[in-house]
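Commentary on secondary and tertiary structure
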Amino acid sequence: MSIAPPDLPVGKNRGALDATADAEASGYVEPKTIRVKKRLTSRTATVASLIIALLWTIPTFGLFISSFRPAELIRTTGWWTIFTNPGFTLENYQDVLLSTSSSSPQLGSYIVNSIAIALLATIIPLVFASMAAYAFAWMRFKGVGVLFVIIFALQIIPLQMALVPLLQIFSTVLRPMQAWLHDIVPIIPEQNYLPLWIAHTIFGLPLAIFLLHNFISEIPADVIEAARVDGATHGQIFFRIVLPLSVPAIASFAIFQFIWVWNDLLVALIFSGGTQDVAPLTQRLAELTGTRGQDWQLLTAAAFISIIIPLIVFFSLQRYFVRGLLAGSTKG
Amino acid sequence: MTTADLLGKILQVVMGLAVFAAIVGLLIFFIDKAPKKGRDYWQLVGFLAPAVILVAVGLVYPAIRTSILAFQTSSGAWTFDNFVWAFTQPAAIRTLINTVIWVLLVPTFATAVGLAYAVFIDRSRGEKFYKAILFMPIAISFVGASVIWKFVYEYRSGDREQIGLLNAIVVAFGGEPVQWLQTDPINTILLIVVMIWVQTGFAMVVLSAAIKGIATEQLEAAQLDGTNGWQRFTNVIVPGIRGSLVVVLTTISIATLKVFDIVRTMTAGNFNTSIVANEMYTQAFRASEIGRGSALALILFVMVLPIVIYNVNVLRKQREIR
């Protein structure tokens, strides 16, 4: 087979990034680097990078400012006139989050949905993928290599290829099961998160297996063999040795998958049903953009709420996120 | 949302976690207690089964099924009509052309700007901060990004004050405000801008890491040879990061081909802005034209394929050189 996963420039990038991150962390920069740096940066470059940085920030900044302006001011004046048309209010946020009137977006339930979906849609693929990655890396069997390449290659199948039949499978197999669940435990609505959890798990698996395999296969063979000699079973090796050692890889993929699921719209549109019971925040926001496209006071606040959680995750765990992204730069 | 609703949702999550933990626990238990004879084999099966079954049922089978559905009418008879439709109807052709424009413009611009920025800020003071700024849109959903940019493109008729930044700039320079998202063909370009805005940070981060992998000695040697900044860029930096450039271009191309949310949220594909990924959704799930939707999904897959094959070939050649 022509596809050769271990040769993707993943390791190299990761190493380079770590090296710089470490250098930055310790505040130590080679003198030689400084000399070269001076020659590489020019005034034009600084100006250009400033302009790019501004262009990339202004749109979000405008939305952020607007979300705190009274509805009337948003409708009639540009946000950049904030100093000549001052006005600050939390009403927009109150309205989209707390208001129970049927005309308001009632984002509360959708936020809970997004959290519920993203939580399990991150944990399940991670556990199954790390088990599979361990098997692919440390269990020698005929055909295992080919199977791994097949799973790796599945990354190139666009989601779109799977949607129609998967929906058919869900409606014939999963729907009755959900109805049955509802009958036993009435508090669980008939429309529940199960289809979304399963769909996100399936779509996340190929990449997760590939990334975790890269990492797990680099655990020194001595460690695993020593445990085998001491009579440890595969289950024990997996839980006591492999999982703890793989925490950095697991963390970076977890963040990646969490943000991916949180931001997803396509899977949600097809498998959630779109009700307050199940639909995530992105779906509600997209809906508002369609039906309430002119209510900017609602849209700006709602959009900001929807981006704040991935941004918090991103800024607090940036280093892991970047690492996952570099390693995942082949996601298809 | 009532308290009962919230309790129901929490219960769902707890039950979901409990059931999942039970499944994994049982699996591991049986793996360790597998019969002596063929134990290694059973252990392998136990570890691989969940992932393999899920992927087989959820990806492999559906992909095959979609390929078949693309060649069938709604009653199940074999036909090429879906593809004839996709390649002859003016609206469908426009969708294909738009997709090609997207996949040409987004990777090119996102990579070019990302690379320029990465070079400009390389080892400068505040590099981390600069990176975070450009990188931030990656954490924002496409839906969120669409709302952000819809606000920039907002239009107010007549002499009313513009609240969208773009029209405000146009008016400030004495122009007439434009209904950006309704005006073909500028609307497609403006949607593409959103995708570039999102993807540039990704290109920048990967390329920046690659640039740091270039030996300082190489740059110094070039410096001693009397090269200027541009020559060092084209002769040292670009060859040094070629592999990463290919990965970045490929990844962004594939992401662009599959992007759906931006078009869906900003114009819903109206005003001649639709692209294959969006049209696939519209046909299969809105218009219930399963055959057409499947045909579009297959076309999308065929469009992704050459990019991936190219990528694999480049990587293989690089390995041979090394």
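Since we're looking at a predicted model, the values are computed, not measured.

Counting its regular elements, chain A contains 16 helices and zero strands. Across the 332 residues that make up chain A, the buried fraction comes to 57%. For chain A, the computed accessible surface area is about 13800 Å², with 66% contributed by carbon and sulfur atoms.

Attention now goes to the UniProt feature "transmembrane region" (unreviewed entry) in chain B. As recorded in UniProt, the sites labelled "transmembrane region" (unreviewed entry) are residues 6-29, 41-64, 100-120, 132-152, 189-215, 236-257 and 295-315 of chain B. Summarising residues 236-257 of chain B: 95% helix, 0% strand, and an end-to-end C-alpha distance of 32 Å.

This brings us to the UniProt feature "domain: ABC transmembrane type-1" (unreviewed entry) in chain A. Under the UniProt annotation, "domain: ABC transmembrane type-1" (unreviewed entry) lies at residues 111-317 of chain A. The annotated region residues 111-317 of chain A carries 79% helix and 0% strand content, and the separation between its end C-alpha atoms amounts to 21 Å.

This part covers a nonpolar patch on the surface. Residues and elements named next belong to chain B. Together, V60, I64, I68 and W78 make up an exposed nonpolar region whose accessible area comes to about 390 Å². When you line up the elements, I64 lands in helix α2 (residues 39-69). A relative accessible area of 48% means that I64 is categorised as partly exposed.

Attention now goes to the packing of aromatic side chains. In this structure the tally under the stated criterion is 30 aromatic pairs over all chains. Between A:F128 and B:F20, the ring centres sit 5.2 Å apart and the planes meet at 70°, which makes this aromatic pair edge-to-face. Of this pair, A:F128 sits in helix α6 (residues 107-138) while B:F20 sits in helix α1 (residues 3-32), placing the two residues on different chains. Judged by its relative accessible area of 9%, A:F128 falls in the buried class. Aromatic pair B:F29 and B:F30: ring centres 5.6 Å apart, planes at 75°, arrangement edge-to-face. Looking at B:F29, the relative accessible area reads 47%, which means it is partly exposed. Of the aromatic side chains, those joined through ring pairs into one cluster are A:F64, A:F68, A:F88, A:Y93 and A:F304.

Within the largest apolar cluster, 206 residues are counted, with the highest numbers of intra-cluster contacts made by A:F203, A:I209, A:F271, B:F47, B:W102, B:Y153 and B:I241. In this view, A:F203 contacts A:L159, A:A162, A:L163, A:L166, A:W260, A:V267, A:F271, B:G58 and B:L59; residues no more than four positions away in its chain are not counted.

All names here are of chain A. Here chain A is described as being made up of domain 1 (32-88) and domain 2 (105-328). A straight line from the C-alpha centre of domain 1 to that of domain 2 covers 34 Å. Across the contact, eight residues belong to domain 1 and six residues belong to domain 2. Both sides together, the interface formed by domain 1 and domain 2 hides about 660 Å², and carbon and sulfur atoms give 83% of it.

Let us now look at the side chain of A:S130. Residues and elements named next belong to chain A. Along the polypeptide, S130 turns up in helix α6. Accessibility expressed as a relative area gives 3% for S130, which makes it buried. Those residues in contact with S130 that lie beyond four places of it in its chain are L212, I216, F238 and L243.

All names here are of chain B. Domain assignment breaks chain B into domain 1 (3-79) and domain 2 (83-321). For domain 1 and domain 2, the distance between their C-alpha centres works out to 34 Å. Between domain 1 and domain 2, the contact holds six residues from the first and seven residues from the second. Between domain 1 and domain 2, roughly 470 Å² of surface is buried when both sides are summed, and carbon and sulfur atoms account for 80% of that area. Three residues, T66, L69 and A70, lead the burial of domain 1 against domain 2; their summed loss comes to 68% of the area buried on that side. Between domain 1 and domain 2 we count zero salt bridges in total. When its residues are assigned to classes, the side of domain 1 that touches domain 2 shows three nonpolar, three polar and no charged.

Cut-offs applied
- Residues numbered from 1 in each chain as written.
- Chains lettered and ligands numbered in written order.
- Predicted model: local features only at pLDDT ≥ 70, side-chain atom pairs only at ≥ 80, totals over all residues.
- Heavy atoms only, no water.
- Helix = DSSP H or I, 4+ residues; strand = E, 2+ residues; numbered from the N terminus.
- Buried < 20%, exposed > 50% of the residue type's maximum accessible area, 1.4 Å probe, protein only.
- Areas by Shrake-Rupley, 256 points an atom, 1.4 Å probe, with all protein chains shown as cover.
- UniProt positions renumbered as here; feature names shortened; annotations may be inferred.
- Patch = residues over 30% accessible without salt bridge, like charges linked within 9 Å, V, L, I, M, F, W, Y side chains within 5 Å.
- Salt bridge = Lys/Arg side-chain N within 4 Å of Asp/Glu carboxyl O.
- Phe/Tyr/Trp six-rings, centres within 6.5 Å; stacked < 30°, edge-to-face > 60°.
- Core = buried A, V, L, I, M, F, W, Y, C linked by side-chain atoms within 4.5 Å.
- Contact = heavy atoms within 4.5 Å.
- Domains from an automatic or database assignment.
- Buried area = accessible area lost by both parts, 1.4 Å probe.
- Nonpolar A, V, L, I, M, F, W, Y, C, P; charged D, E, K, R; others polar.

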